[in-house]
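# Structure assessment
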Amino acid sequence: MVHAQELTKNQSLVLDVLLHTEGPLSAYSLLDQLRDKGFRAPLQVYRALDKLMEFGLVHRLESINSFVACTHSHDHKHGVIAFGICDTCGRVDEFCDAVVEERLKGWSKDHAFRLSKTTIEMRGTCANCLAA
């Protein structure tokens, strides 16, 4: 695991924004929030995000082209991470499920498919929005 002192200034700034934001953010939203910290170009944000994802500290949500800070201390080496994304409020819940992971590994083995990474994104309505 990467320690905070091992992050560059830009990586730390990007991670801090993601950790203190309720929902996912696009790279351009991050850039807007970090302009007063010296960020001038999207490339600065993308470089920081790439490293933070490599370190397992940030996840990219493909379906909404946004990023969230990792909320679990799970082992990212297994490659199966799942997200529940609320279409109403934007809440993102990250989770792992051993049964789903085993099923995917089984399918991969049966089909001679080398699984390197799996991201599952479920879209719907969270319990809070359903109750409202």
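Residues numbered from 1 in each chain as written. Predicted model: local features only at pLDDT ≥ 70, side-chain atom pairs only at ≥ 80, totals over all residues. Heavy atoms only, no water.

Now for helix 4 (residues 98-110). Taking 1.5 Å of rise per residue, 13 residues should cover 18 Å, and helix 4 covers 18 Å from first to last C-alpha, within 8% of that figure. For helix 4, the capping residue at the N-terminal end is Asp97, with a side-chain oxygen 2.8 Å from the backbone nitrogen of Val99. (Helix = DSSP H or I, 4+ residues; strand = E, 2+ residues; numbered from the N terminus. Expected span 1.5 Å × (residues − 1). Polar contact = N/O pair within 3.5 Å; in protein donor to acceptor, adjacent residues only side chain to side chain.)

With that settled, consider a nonpolar patch on the surface. A surface patch of nonpolar side chains, about 300 Å² in accessible area, is lined by Tyr28, Leu43 and Tyr46. Within the element layout of this structure, Tyr46 appears in helix 3 (residues 42-54). (Patch = residues over 30% accessible without salt bridge, like charges linked within 9 Å, V, L, I, M, F, W, Y side chains within 5 Å. Areas by Shrake-Rupley, 256 points an atom, 1.4 Å probe, with all protein chains shown as cover. Salt bridge = Lys/Arg side-chain N within 4 Å of Asp/Glu carboxyl O.)

It is worth spelling out the pattern of salt bridges at this point. Under the definition given, this model contains six salt bridges. Notably, a salt bridge pairs Glu62 with Arg60, separated by 2.4 Å at the nearest N-O pair. Judged by relative accessible area, Arg60 falls into the partly exposed class, the value being 27%. Here Lys105 and Glu101 are joined by a salt bridge, their closest N and O atoms 3.0 Å apart. Pair noted here: Lys105 and Glu101 are both in helix 4, with a separation of four residues, about one helical turn. For Lys105, a relative accessible area of 37% puts it in the partly exposed group. (Buried < 20%, exposed > 50% of the residue type's maximum accessible area, 1.4 Å probe, protein only.)

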